[in-house]
Amino acid sequence: MGGKGKGPLFETAVGRGRRWYTLYAISVLIGLCLIWLYRATNIPEVGEKGRWAWMGMLAAEICFGFYWFITQSLRWHPVYHQTFKNRLFQRHGNDLPPVDIFVCTADPTIEPPIMVMNTVLSVMAYDYPEEKINVYVSDDGASKFTFYALLEAADFAKHWIPFCKRFNVEPRSPSAYFSSPDLNGLSYASELNCIKEMYNMMEDRIKNAIEFDHVPSNTIKQHKGFSEWNSQTAPGNHQSILQILIDGRDQSATDVEGNMLPTLVYLSREKRPQYLHNFKAGALNALIRVSSEISNSPVILNVDCDMYSNSSESVRNAMCFFLDEERGHQIGYVQFPQNFNNLDKDNIYGDYISVIDEVELPGLGDCMYLGTGCFHRRESLCGRKYSKDCRMLTYMWSQGKMRDAGENTRIIEERAKGLANCTYDQNTGWGKDIGIKYGCIVEDVVTGWSIQMNGWKSIYFNPQRKGFLGISPTTLAQLLVQHKRWSEGLFQTFLSKYCPFLYGYGKIELRLQMAYATYMLWAPMSLPTLYYAIVPSLCLLKGIPLFPRVSSTWFLVFAYVIISTHIYSLGEALCCGESLGSWWNMQRMRLMRRICSYFFGLIDTMMQTLGLGRSNFDISAKVADHEALERLEKGFMEFGSSPMFSILAAIAMLNLFSLVASVIMVVVRQGFIVREQMVLQFLLCGVLVLLNLPIYEGMFLRKDNGKLPAYLAFESSVVAALVCLFSLY
Ligand SMILES: O=c1ccn([C@@H]2O[C@H](COP(=O)(O)OP(=O)(O)O[C@H]3O[C@H](CO)[C@@H](O)[C@H](O)[C@H]3O)[C@@H](O)[C@H]2O)c(=O)[nH]1
Ligand SMILES: [Mn+2]
């Protein structure tokens, strides 16, 4: 290396300000202990009113306290990485390892082929030597329209890639680029118009094909791949379809400027009704095998089909980690944050994205595998354990199996196809010790966890310009379903042999075990939250006090813990660039997620533990209708429909009744609330009502299509009234 571009390829800095944080955390911990002490020493006597309610409060507060304690692991050891791409260039030039890029799609209706195509084009156009990029699309929907869109993409890429490189455009997803606001007055306006025109025509062709259920017949004639589809082909029942659309080794496959093109492969693995297909994990494992036969790159990037590349530098950034002479050989994967390009400014669905990106993920020191936007070292993904003699990536790659350039594409297709058959990984290590884990709907977290257990280090890299942008759910119902799936999968993992505290015990730092547990315990945390959202309000109605009176010193303890933790979380959100309104929305959604998604996730996990039912990977929708988007822009939540709303609405009504009733009592029987021991309970109920305002609005005031289903208003009022009456007697 001759001292070229001296210094490491990446640097790691440890966050500052820890001392203050530790002081604050200790003070909260003391407060929590005092609260438990207060609860334990003030339990109402046998026969006194509210004894059971009190014990429940104690249990709930123990849960909250314990949970708060383990979440501290996410703020314990913040590290930030910086890469030096110029040094990478000085040392290696363009002599860099190849990368295999996996794009997964599963359903052409909720993941439109045009979206998949844009993601594919964005990753084909990375600022990286073209012949070193290999893009694989896994289509679990076995859709000939997705296939057709990719064929079009293969053609369009010949113009798009040179265009991107010549004018250095960002982002490189055509549709995202064409819709960016600052395209006026560019020096290359005529080239831009020309390529935009070409793109629009292509988009129209694909849209028409889908609308009329008809791929242009000359395209069908030109590509033998279409013969794989017949009237029997169904997403859940078909043979493996594998087509190499661009063979990067083929010297004649060049773009309009004569440069080589990235390899592009379409795969729809075999599916048969009698075989489990293991959802996304199965798809990724098929891709790992198939790609090993075709390009076998030492680094694998995988993205969901909605996650287009927003920065052309990501591959080079990732290589700075893997190729670092000092530490690169230990790194198993480099995870970029998951960001979204369809969030409204007030964050109405209360995504914690910014806090997670800026605080929690760096705060962990290591990183979880989040399922998308992650670069893996192929070996680590394939289950190899890290050992001191794991060689540098460059070595591995020069030793790796490289396909003979002259070999016929069709022969390779035939050979690789067998690796995607559904019997291939039956009774093998695939899904257990090799590849992505099976049997869990959060395959990503479990897989990342076991890679870490195998001794590999992980990197969380959050550059200024976001690496990937995707689509987050656009209705409350979709969001709740997504979180239900996550909480369910995560809790199942907690109960399985992968439980962080057992599996990780003695092998991995406690900090990391706790960090994983904070996510895996979402589902059971629904119970104390439900308790807090229901019981104190009912007791308010009955006049049973559950908190200390204002004049007591214990009151100060509660006040300190409540106020300090909320001020802290508000401060954190503001520092991450959120607004006050967006923080408030985050609080609301935390409540809703806990009492709906996590609660249903908990129930489903329990059912499965008892052997009733099996979990399903409900794919998140990635399209929203126009009206809905308009309402969202105006700040109205789009509800959609979901059985989970029943519980949400019932709790909202119950709190409203309790609040109204106690206000009436204050007015009629003056002094009721002023009995100062009810103050905290009254406030809690009041805050719950405020958080639930959009629910009342959605049930009673709104007339548009995004409101809550009509029957809910009636149903929830009746349920809440019955519960209130019942509890009064
Ligand atoms: O049988 C399936 C199901 C899903 N997918 C693909 O998996 C990806 C993720 O699915 P999506 O419905 O978008 O999931 P999210 O709710 O966004 O999922 C998040 O959480 C998942 C784990 O629950 C991770 O796998 C994802 O990467 C992560 O984005 C999409 O590209 C799908 O096409 C498949 O390929 N086959
Ligand atoms: Mn997604």
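Looking up the protein chain in an unreviewed UniProt entry gives the name Cellulose synthase-like protein E6, with the organism given as Canna indica. One UniProt comment on the protein chain, placed under Sequence similarities (unreviewed entry), says "Belongs to the glycosyltransferase 2 family. Plant cellulose synthase-like E subfamily." In its Function (unreviewed entry) section, UniProt records this for the protein chain: "Thought to be a Golgi-localized beta-glycan synthase that polymerize the backbones of noncellulosic polysaccharides (hemicelluloses) of plant cell wall."

1. Focus: the overall build of the protein chain
When you go through the protein chain residue by residue, the secondary structure sums to 26 helices and 13 strands. Taking the principal axes of the C-alpha coordinates as reference, the protein chain spans close to 90 × 60 × 60 Å. Across the 729 residues that make up the protein chain, the buried fraction comes to 47%. Of the contacts made within the protein chain by residues no fewer than 6 positions apart, 85% connect residues no fewer than 24 positions apart.

2. Some thoughts on the sheet that holds strand β12 (residues 457–460)
Strand order in the open sheet formed by eight strands is β5-β6-β4-β3-β7-β11-β9-β12, with mixed pairing between adjacent strands. Unpaired on one side and paired on the other, β5 (241–246) and β12 mark the two borders of the sheet. Here the average twist between neighbouring strands, direction ignored, is 20°. By the bridge criterion, four bridges tie strand β9 (residues 331–335) to β12 in an arrangement that is parallel. When the bridges of β12 are listed, Tyr333 appears paired with Ser458.

3. Observations concerning the domain arrangement of the protein chain
Domain annotation for the protein chain reports domain 1 (22–75 + 520–728) and domain 2 (83–472). Here the C-alpha centre of domain 2 lies 41 Å away from the C-alpha centre of domain 1. Taken together, the contacts link 25 residues of domain 1 with 25 residues of domain 2. Broken down by element, the residue count for the side of domain 1 that touches domain 2 peaks at seven residues, all from helix α21 (residues 580–609). In terms of residue class, the side of domain 1 that touches domain 2 is built from eleven nonpolar, seven polar and seven charged.

4. So, helix α11 (residues 353–363)
Three- or four-residue spacings in an α-helix give side chains the same orientation, since the helix completes a turn every 3.6 residues. Along α11, the residues classified as buried are Ser354, Val355, Glu358, Glu360, Leu361, Pro362 and Gly363. Residues of α11 that are buried sit in contact with β2 (79–83), β12 and α20 (553–575). At the C-terminal side of α11, Gly365 shows a positive phi close to 85°.

5. What to know about the site of ligand 1
Inspection of the region around ligand 1 gives 23 residues, with Cys104, Ala106, Phe279, Asp304 and Gly371 positioned closest. The residue inventory of the shell around ligand 1, partitioned by class, reads ten nonpolar, seven polar and six charged. Looking at which domains feed residues into the shell around ligand 1, each of domain 1 (22–75 + 520–728) and domain 2 (83–472) gives three or more.

6. With respect to the sheet that holds strand β8 (residues 308–309)
Spatial ordering of the open sheet is given by β8-β13-β10, a layout of three strands whose pairing is mixed. Each of the sheet's edge strands pairs with one partner strand only, and the pair in question is β8 and β10 (339–340). Note: β8 against strand β13 (residues 468–470), two bridges, orientation antiparallel. By the bridge assignment, Ser309 is partnered in β13 with Phe468.

7. Concerning the nonpolar core
Of all hydrophobic cores here, the largest spans 186 residues; its most connected members are Val103, Val120 and Leu150. The leading source of residues in this core is helix α5 (residues 144–167), at 14 residues. In terms of domain composition, this core takes at least three residues from each of domain 1 (22–75 + 520–728) and domain 2 (83–472).

8. Brief notes about the UniProt feature "transmembrane region" (unreviewed entry) in the protein chain
On the UniProt side, "transmembrane region" (unreviewed entry) is annotated at positions that read residues 21–40, 52–70, 516–534, 554–574, 595–613, 644–667, 679–696 and 708–728 here. With 100% helix and 0% strand, residues 52–70 has its two end C-alpha atoms placed 27 Å apart. Annotated as residues 679–696, this span is 94% helix and 0% strand, and its ends, taken at the C-alpha atoms, are 24 Å apart.

9. Concerning the pairing of β9
With five of its five residues buried, β9 lies for the most part within the structure. Relative to strand β11 (residues 374–377), β9 runs antiparallel, the two sharing three bridges. Pairing of Tyr333 across the sheet is with His376, part of β11.

10. Description of the environment of Gly248
Here Gly248 lies in the loop between β5 and β6 (263–268). For Gly248, the contacting residues outside a window of four places in its chain are Glu131, Asn134, Ala253, Met260, Leu261, Pro262 and Thr263.

11. Observations concerning the UniProt feature "binding site: UDP-alpha-D-glucose" (unreviewed entry) in the protein chain
When the UniProt feature table is mapped onto this chain, "binding site: UDP-alpha-D-glucose" (unreviewed entry) is found at Glu111 and Asp140. Taken along the chain, the residues just named run across 30 residues; in space they keep tight, none of their C-alpha pairs more than 11.1 Å apart. As for its placement among the helices and strands, Glu111 is situated in the loop between β3 (99–105) and α4 (113–124). Excluding residues that lie within four positions of it along the chain, Glu111 makes contacts with Thr105, Ala106, Val116, Cys305, Asp306 and Lys622. Following the sequence through the fold, Asp140 ends up in the loop between β4 (133–139) and α5. In this structure Asp140 comes out as buried when scored by C-beta crowding, with 24 C-beta atoms within 10 Å.

What counts as what
Residues numbered from 1 in each chain as written. Chains lettered and ligands numbered in written order. Predicted model: local features only at pLDDT ≥ 70, side-chain atom pairs only at ≥ 80, totals over all residues. UniProt positions renumbered as here; feature names shortened; annotations may be inferred. Helix = DSSP H or I, 4+ residues; strand = E, 2+ residues; numbered from the N terminus. Buried ≥ 20, exposed ≤ 12 C-beta atoms within 10 Å, placed from the backbone. Contact = placed C-beta atoms within 7 Å. Pairing = 2+ DSSP bridges. Axes fitted to C-alpha atoms, helices over the stretch in contact; angles between N-to-C directions. Domains from an automatic or database assignment. Nonpolar A, V, L, I, M, F, W, Y, C, P; charged D, E, K, R; others polar. Near = placed C-beta within 6 Å. Core = buried A, V, L, I, M, F, W, Y, C linked by C-beta atoms within 7 Å.

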